[in-house]
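Single-letter residue listing:
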2 protein chains.
Amino acid sequence: MEGRIQHLAAIIDPALPPYTRRAFTEPFLRGRRWLQAEFEAAGLSTVTDAGGNLMGKLAGSEPGALPIAMGSHSDTVVGGGRYDGIAGVVAALEVAQSLAEDGMRPRHPLWVVDFLAEEASDYGPSCVGSRAIAGTLSPAMLEAANAQGESLAEALRRMGGDPDRAAAGPIHGREPFAAFVEMHIEQGPVLESEGLPIGVVTGVVGIRRLALRVQGQADHAGTTPMHMRRDALVGAAELIKLVHQRAREAHTHTGLVATVGQMTHSPNQSNVVPESALLTIDARCASMQGVTDFTDAIVREGGSLLAGHGLALEHTLVLDAEPCSFAPPVRQAIGNAARKRGHAFREMQSGAGHDAMHIAQVCPTGMLFVPSRGGRSHASQEHTTTQQLCVGAEVLLEAVLELDATLPLR
Amino acid sequence: MEGRIQHLAAIIDPALPPYTRRAFTEPFLRGRRWLQAEFEAAGLSTVTDAGGNLMGKLAGSEPGALPIAMGSHSDTVVGGGRYDGIAGVVAALEVAQSLAEDGMRPRHPLWVVDFLAEEASDYGPSCVGSRAIAGTLSPAMLEAANAQGESLAEALRRMGGDPDRAAAGPIHGREPFAAFVEMHIEQGPVLESEGLPIGVVTGVVGIRRLALRVQGQADHAGTTPMHMRRDALVGAAELIKLVHQRAREAHTHTGLVATVGQMTHSPNQSNVVPESALLTIDARCASMQGVTDFTDAIVREGGSLLAGHGLALEHTLVLDAEPCSFAPPVRQAIGNAARKRGHAFREMQSGAGHDAMHIAQVCPTGMLFVPSRGGRSHASQEHTTTQQLCVGAEVLLEAVLELDATLPLR
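Along each chain, residue indices are assigned from 1 in the same order as the chain's sequence is written. A letter from A marks each chain and a number from 1 marks each ligand, given out in the order of writing. Confidence filtering applies because this is a predicted model: local features only for residues at pLDDT of at least 70, side-chain atom pairs given and counted only at 80 or more, and all residues used for totals across whole chains, interfaces and linings. Working from all heavy atoms in the structure, the side-chain values ignore hydrogens and water.

Brief notes about the pattern of salt bridges
All names here are of chain B. The salt bridge criterion pairs a side-chain nitrogen of Lys or Arg with a carboxyl oxygen of Asp or Glu, the two atoms within 4 Å. Within the structure shown, the criterion is met by 34 salt bridges over all chains. Between R32 and D114 there is a salt bridge; the shortest N-O distance is 2.7 Å. A residue pair is termed long-range when its members are at least 10 positions apart, and R32 in helix α2 (residues 26-41) and D114 in strand β4 (residues 110-115) qualify at 82 residues. D114 carries the same exposure label as R32, and that label is buried. In this text, helices come from DSSP runs of H or I with a minimum length of four residues, and strands from runs of E with a minimum of two, each type numbered from the N-terminal end. Each residue's exposure class comes from its accessible area (1.4 Å probe, protein chains only) as a fraction of the maximum for that residue type: buried when under 20%, exposed when over 50%, partly exposed otherwise.

As C-alpha cells, then:
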C-alpha cells in the first residue's frame, strides 16, 4: 500500500512544488502508465473509457451482473499531497488484487477506477471522468480551452478518451455499476481529533457562494474625522465577523460551515480610507435550505449593520451546488464492514466534493474516510499512516464483499 | 485667482488622469516657466534657490529685514486635483501683486514660494524644497534614484537647484524668514460641514504606522469544523473593528484618527480558510503620546482578542513622524485677519503633512485652510469655489500685513 503511494509520489512535475501531478500533463500520463502496469500485474484487465478513466477489471462469476466499482483519482492540485485521491485508487487496487491472489471470485465483476481530472484543471471543470460516467459532462465544458488554447475535448482525446461519446450522455449507460464505493482521506481534522479510524460518509454538502460588494467612500486617512467616514474595510470586517459568528452558532445544530476566504479592497493604501471591498462567502451544509437560509440572513443582517456605517451592500450568486446523499445500502455495508473488523467509526458528511457525488447520480454510491494528520490536505504535509490506510482498505474489502453478496444481480 | 488656477490645470501630463503635474516632469517645468512669467509680470523679481524652489520677491522698505514668505507647491499626485498646493501658490502671488499694484511697500521683503516636490515623488521623499530650506534634505535622500536610475540630486539639478548646497544644511541659513504663512485647501470635510470659510491650523499631527501580522492556519473551507479553525481573516476583522471603535472613542477627546487602509491576506482563495493577514494601522494625533498610547492599546487588546481565536499577532513599527505646533504669533495674526475681514473661522489641526511643517523648524510658521468640497482631495473632483479662494487670499493678505507691522525687524 505505502510502497505504491510513495512510488506515485515520485512521479511528479519537478518544476512545481511537491507533490504535483496535474491531470493532462506528462507526469500524469507517466503515473497512469505505471498504474496500468500495476493493475495488469495484479491480474486485472485494463481499459481507458470514453471519459478518460483508467479501469482495471476483475471478472465476476455471474454472467450479466453489473460491476461493483471502487476507486478515486490519481491527479493532484499544484503542491498537493500524496494521499488525496491516490489512497483510494491504491486501496481499491489492493482489494481487487487480494481477491485475485486468494482465488476468490466475486459474483459481480469488480472494477478499479482511476477517474480522470477530479481536481479543477486549467480547462475549467473538476471531476471530468466521473461527470462523463454520470452523463453531465456538457458540450460547453468540452469546448472550454486552457490558456494555451487546447480544448478539454482535445485534452480528453490525448488521455485516451472519446469526447464525442462523452458529450452524448452517460458513457456506461444509465446504470453503469451495481454500486460504487470510494475510500478517501478525510481532508479535515474530525476523525483524528476523535481518535476514530473510519468515517462513514452520509453525503456531500451543498455549497452556495455569494460575492458581496461593500461600497463606501475614499477619503484622506489624516483629514477625515472618524464619524464622517464611510470605510468599506470596516464594513467588510463587520461581514467577516458576522459570517464567522453565525456559522459557529449554526454549526452545532446543522454542521453548516461558512468562510470568507477571498477578499480584495480598493485603493489598498495605508493613508486612504478604503472605498470598496469585494468578498466571497462560501457556505456549506447538508441541506440546500440550510445554506440558503444562512446566506439570506447574512445579506439581511449585514445590510443593516453596514447601513449603520453609511455603506451600501450588493450581493451576487456565484455558485449553487446541490448536496448529495449517499445510498443507505452502501452506507450500511461500510458500517457493517467496520464493525466486522472491529474498527470504531462515525457517520459524517463530506465538506469537499468528490467523484462519488457524480457517480451517486447513476448508481448506489458510498464513501469511507480515513484520518488526515492535522486535518491538512492539498499540501505537501498531507499524511495518513500506513496503518490507517490498511484499516481503510480492510473496511473497503469487507464492504465490497457484503455488497457483492447482498446486491441483486439484476 | 480662478483664471490662474485653471491656466495651470491645463498644463498637465496628457498620458495620465487629470490633473497630473508630477514634480521633475516636463509639464511641471512648463508650469514653472508660466508661473515665473506671472511672478515677473506682477512686479516680483524671480530666482530658483538651491532647493529648486521658485521664488518671487517684492522688496521691503527696511534694509536688512528678514523676508516674510508665503506659498505652497505646484506639483500634484497622479490624478491629483487643481487646488492642492496650487491654491496656496496663486493666493500668495495675488497678495504680493495687489500690494505691488497698490504701491504699498511692506517693511519686510515679501517672498512668494513655489516649493519643489511637496508630494512624494518617484525619488522617495516628499517636501524636497521645504526640507532643503529646513536643512533636513539628507545626502542619503539625494542619492536615492527613481526607476530610471536618475538620482534625486540629478533631478534637483535639472530643476535649477544645487544638490551640493542643499545637502550642506539650511540653504537660506538658520533663520531664513521672519515668518512663513501657507494657505492650503483643507483636504477634509470639517470646514464645509460646519459652514466655515477659514481654518486656523494649530499644527500638523504626529503619525505612527504599525504593520500587524496575524498568523493562523490554512485549512479546507469545507472540511474544517468552525470551532477547529484558526482563521487569520477573522482575526484581521477583529483588529479592523477594534481600531475603528477605539479611534471613534478617542476622536471626541483628542482628535485622534486611525485607519486600516492597507491589507493583504493569504492564500486568498474562496475555499481555503485564510492562513495569514498583513495590515497597516495609520494613527494620527496632535500628541505623539496620543498615537503611542493608542497603538500600544490596540496591540495589547488585539493580541488578547486574537489569542481567543488561536491566532498569533506580531507588530512592526513602520513610521514615526513627530507632530509640529505652529507659532502662536502667526496663528494669532491669521485669526485677527479673519476677524478684521468679518470671516468666521475655527482652529483645527492638519491631519496631512505640508511644506509648512518643515519650514516651522526654522522660523515662526502658520497655515490657514479653505474648504474642500465634500472633503475630497488628491482626486479630479477636488474643488474649492472662487469665492472661498478669495476669502482665503484676503485673510492671507491681512495676516501678512499684521505680521509685517508687528514682527521685529531684527
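Some remarks on the relation of the copies chain B and chain A
Each copy is superposed on the other by least squares, with the fit set by C-alpha atoms of residues at a pLDDT of at least 70 in both. Each copy superposes on the other: chain B lies on chain A with an RMSD of 0.2 Å after a rotation of 180° and an axial shift of 0.1 Å. In symmetry terms, the pair is related by a two-fold rotation axis. Within chain B, the C-alpha atom positioned nearest to the axis of rotation is that of B:A237, 2.1 Å from it. Looking at the interface residues of chain B, 100% of them are also at the interface in chain A, so both copies use one shared face. Every residue pair with non-hydrogen atoms within 4.5 Å of one another is taken to be in contact.

Observations regarding the state of the cysteines
All names here are of chain A. Only a pair of cysteine sulfur atoms within 2.5 Å qualifies as a disulfide here. For the coordinates displayed, the defined rule picks out 0 disulfides over all chains. Cysteine C324 shares no disulfide, and the gap to the nearest cysteine sulfur, in C127, comes to 11 Å. A residue is classified by how much of its surface remains accessible, and C324, at 17% relative accessible area, is buried.

A look at the domain arrangement of chain A
Residues and elements named next belong to chain A. Just so you know, the domain bounds were taken from an automatic or database domain assignment. Taken as a whole, chain A is organised into domain 1 (2-204 + 324-406) and domain 2 (206-321). The C-alpha-based centres of domain 1 and domain 2 are spaced at 36 Å. On the side of domain 2, 5 residues touch domain 1, which itself brings 4 residues to the contact. Joining two parts hides part of their accessible area as seen by a 1.4 Å probe, and the buried area is that hidden amount summed over both. Looking only at domain 1, the three residues that lose the most surface to domain 2 are V204, Q349 and G351, adding up to 92% of its buried area. Across the domain 1-domain 2 interface, the total number found is 0 salt bridges.

Section: the confidence of the model for chain A
Values of pLDDT, which run from 0 to 100, indicate the predictor's confidence residue by residue. Residues at a pLDDT of 70 or more form 100% of chain A, whose mean pLDDT is 96. Per the prediction output, this complex has pTM 0.89; the corresponding ipTM is 0.90.

Overview of the interface of chain B and chain A
Bring the parts together and some accessible area is lost; that lost area is often taken as the interface size. On the chain A side, the residues contacting the 57 residues of chain B number 57 residues. For the pairing of chain B and chain A, the buried interface totals around 4600 Å² over both sides, and the portion due to carbon and sulfur atoms is 61%. When the shortest N-O distance is used, the salt bridge between A:E238 and B:K241 registers 3.0 Å. Here a polar contact is taken to be a pair of N or O atoms separated by no more than 3.5 Å, where protein atoms must pair a possible hydrogen donor with a possible acceptor and residues adjacent in sequence count only if both atoms sit in side chains. At the junction of chain B with chain A, the criterion picks out 13 residue pairs in polar contact (both at pLDDT 80 or more). Looking at the side of chain B that touches chain A, the elements with two or more residues in it are α8 (190-194), β8 (219-220), α9 (232-254), β9 (257-266), β10 (272-273) and β11 (276-285) of chain B.

Quick word on the environment of B:L305
Residue and element names in this part refer to chain B. With respect to the secondary-structure elements, L305 resides in helix α10 (residues 288-307). By relative accessible area, L305 is classed as partly exposed at 33%. Distance in space between the C-alpha atoms of L305 and A96 is 58 Å, their sequence separation being 209 residues. Beyond its immediate stretch of four places on either side in the chain, L305 contacts E238 and L242.

A short note on the sheet that holds strand β9 (residues 257-266) of chain A
Residue and element names in this part refer to chain A. A pair of strands is labelled paired if DSSP reports no fewer than 2 bridges between them. On the basis of which strands lie adjacent, the open sheet formed by 4 strands has the order β9-β11-β7-β12 and antiparallel pairing. Only two strands of the sheet have a single partner each, and these edge strands are β9 and β12 (312-321). Each neighbouring strand pair of the sheet contributes to a mean axis angle of 15°, computed without reference to strand direction. Contacting β7 (206-215), β9, β11 (276-285) and β12, helix α10 (residues 288-307) crosses the sheet at an angle of about 10° to β7. Lines fitted to C-alpha atoms define the axes, with helix axes restricted to the stretch in contact, and inter-axis angles between N-to-C directions lie between 0 and 180 degrees.

Observations concerning helix α11 (residues 328-341) of chain A
Residue and element names in this part refer to chain A. Between the first and last C-alpha of α11 there are 20 Å, a value that for 14 residues agrees with the 20 Å anticipated at 1.5 Å per step. Buried within α11 are the following residues: V330, A333, I334, G335, A337 and A338. Looking at the buried residues of α11, the elements they touch are β5 (179-185), β6 (198-204), β14 (345-350), β15 (365-370) and α13 (386-406). Positive backbone phi, at 75°, marks G342, one or two positions downstream of α11. The length a helix should cover is 1.5 Å for every residue beyond the first.

So, the nonpolar core
Definition used in this section: a nonpolar core is a set of buried Ala, Val, Leu, Ile, Met, Phe, Trp, Tyr and Cys residues joined via side-chain atoms within 4.5 Å. Counting 63 residues, the largest nonpolar core has A:L256, A:M263, A:L279, A:F294, B:M263 and B:F294 as its most contacted members. Looking at which element gives the most residues to this core, the answer is helix α9 (residues 232-254) of chain A, with 11 residues. With residues near it in sequence (within four places) discarded, A:L256 still touches A:A247, A:A250, A:H251, A:R284, A:C285, A:G290, A:V291, A:F294 and B:M226.

With respect to the pairing of strand β1 (residues 45-48) of chain B
Direction of pairing for β1(B) relative to strand β2 (residues 54-58) of chain B: antiparallel, over a ladder of 4 bridges. Paired with B:T46 across the strands is B:G56, a residue of β2(B).

Re the packing of α9(A) against α9(B)
Think of two packed helices as two axes; the pair is described by the angle between the axes and how far apart they sit. Close contact between α9(A) and α9(B) brings their axes to 8 Å; oriented N to C, the two are set at 130°. Considering their axes alone, α9(A) and α9(B) lie oblique with respect to each other. Along this stretch, α9(A) crosses α9(B), giving a crossing that reads as left-handed. Residue-level inspection shows A:L233, A:V234, A:A237, A:E238, A:I240, A:K241 and A:H244 of α9(A) in contact with α9(B), the latter providing B:L233, B:V234, B:A237, B:E238, B:I240, B:K241 and B:H244. Tallied by class, the residues present in the contact of α9(A) with α9(B) amount to 8 nonpolar, 2 polar and 4 charged. An angle counts as roughly parallel when it lies under 35 degrees, as roughly antiparallel when it exceeds 145, as roughly perpendicular when it falls between 65 and 115, and as oblique in every other case. The handedness criterion is simple: a crossing whose near helix is rotated anticlockwise from the far helix by less than a right angle is left-handed, and one whose near helix is rotated clockwise is right-handed. Following the grouping adopted for this structure description, the nonpolar residues are Ala, Val, Leu, Ile, Met, Phe, Trp, Tyr, Cys and Pro, the charged ones are Asp, Glu, Lys and Arg, and the polar ones are all others, Gly among them.

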